[in-house]
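# A structural walkthrough
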Amino acid sequence: MRLLSRIVKVCTGAVLVGLIGVAAWLYLIPPELLRVGSGYAAKIVCSNVFIAGRDAEEVLAVDVQAPGHPLLKLMHVSVDRTGKRVHAALFGVFAGNDAVHRDGLGCTVTPNDETLPGVETASNAQTPVDETALWPEGGKAESHPAVAALLSRGDLIGSGMRAVVVVKGGRIAGEAYAAGFSKDMPLLGWSMTKTVTAAVIGTMIRDGRLSAGDKALFRQWQNDQRTDISLADLLAMESGLAFNENYGTVADVTRMLYLERDMANFAADQPLEADPGIRFNYSSGTGVLLSRIWMSRLEDKAALAYPRKALFEPLGMASAVLEVDAAGTFVGSSYMYATARDWGRMGLLLARDGVWNGNRILPEGFVEAMRQPNRTSNGRYSRMQTWLPGASKGLPADTFILDGHDGQNIIVIPSLDLVVVRLGLTPERYDPSMLVAEVVKATAP
């Protein structure tokens, strides 16, 4: 019995020592996968609490855990509403990461637990909305009965739908919202932000601050073939730069978004895998590079205010928040929040060739590039940060799509003066073409 007791004590001691060792390892040198998870949790909760006004625990339980990775179920968050900071960690202890909110700039992951400086940049002006005037001048919508009926069909709007807005002839023809969501709640567009970044660049091209043929775009590209990458190559996702967009691992995209304080520098450091212009590689790193390029043409304070002044205010997108990284660069690949109606304003601008209320916001020919296929994607991707549906979907030939992670879509059909916005949380692939095809039929003259 003494021998057995001794064996039990030794084994118990070994287990305890092992557990202490594992705990110390997780605390002092946490694996990158855990820190990606905590960064993701902190960022999503932070933005939804301080921009969308949602409940932190609901966001943690629903939005954060939507990808289905088991580690995300073990993340705990704490919200400091006074300091506008969210801390997330495994079991609330290990592999912690923070996100901090700043007015006008949204939430930023702070991988090194740094305190970010306050930045003087005004939020979008919140002017009173005339609810008696029709949208987009006011807040009134006159629903088309046939469209309203379509938006009640789960097979068309898809599981996890949070908001749908149909704009026909410049007016809202129908809208629908899931329980807990409304026309006033800003929602994340994920990679639809890439097209917004392209639009910001369009205003810079209009004013002569940028040109599609610009090269030698980054300091670290000066002494190798990367100096030949043009702005047009980046806009068409044909830069030739290496970038792994696989969200299931610690890939380039997740490392950039949740572990790197200077996302543009990380993306710019990637090597060339192919000559510029000969290979399609969809890359969120490219979206951040595009942000750094246009921001470099302005002074810091002016750059932070520029999307609001050049794009959001002219369109009346008072809810739009484009978020920045810890280095102060807009995360132009992934992080813009806006109400479904304001996303509809962006779609309407594009449906009308970049003209708003008679004022040309985007240069002539710019939107046309959004519906022209690039050279290397077999017709899937355009020359200007949008996706193309292909002939098999049965949609008009001039259709193009803003597409974001988890089922965010804006479908633009200029020939029909039609825009369909669909936002939600749909980790399984959502195809908006069935909904759009039915809307086209319902709104036909």
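Look a little higher up for the structure.
Here is a short report on the structure shown in this document.

Cut-offs used in this document
- Residues numbered from 1 in each chain as written.
- Predicted model: local features only at pLDDT ≥ 70, side-chain atom pairs only at ≥ 80, totals over all residues.
- Heavy atoms only, no water.
- Helix = DSSP H or I, 4+ residues; strand = E, 2+ residues; numbered from the N terminus.
- Expected span 1.5 Å × (residues − 1).
- Buried < 20%, exposed > 50% of the residue type's maximum accessible area, 1.4 Å probe, protein only.
- Disulfide = S-S within 2.5 Å.

### Some words on helix H12 (residues 340-351)
If you check H12, its first and last C-alpha atoms are 16 Å apart, about what 12 residues at 1.5 Å a residue would give, namely 16 Å. Regarding H12, the residues found buried are Ala340, Arg341, Asp342, Trp343, Gly344, Arg345, Met346, Gly347, Leu348, Leu349, Leu350 and Ala351. Asp353 occupies a position one or two residues after H12 and carries a positive phi of about 60°.

### Here we look at unusual backbone geometry
Residue Trp135 is joined to Pro136 through a cis peptide bond whose omega torsion reads 10°. Considering the arrangement of structural elements, one finds Pro136 in the loop between strand S4 (106-110) and helix H4 (145-150). For Asn357, which is not glycine, the phi torsion reads 50° and is therefore positive. Inspection of the secondary structure assignment puts Asn357 in the loop between strand S10 (355-356) and strand S11 (359-360). A relative accessible area of 64% places Asn357 in the exposed class. In the Ramachandran plot, Asp406 falls in the positive-phi region, its phi being about 65° despite a non-glycine side chain. We classify Asp406 as buried; its relative accessible area is 10%.

### Some thoughts on the state of the cysteines
Tallying each qualifying case throughout the model produces one disulfide. One disulfide bridge connects Cys46 with Cys107, the sulfur atoms lying 2.1 Å from each other. Judged by the sign of its S-S torsion, about -75°, the bond between Cys46 and Cys107 is left-handed. Highlighted residues: Cys46 in helix H2 (residues 32-50) and Cys107 in strand S4, separated in sequence by 61 residues. Of the two residues examined, Cys46 and Cys107, each falls in the buried class.

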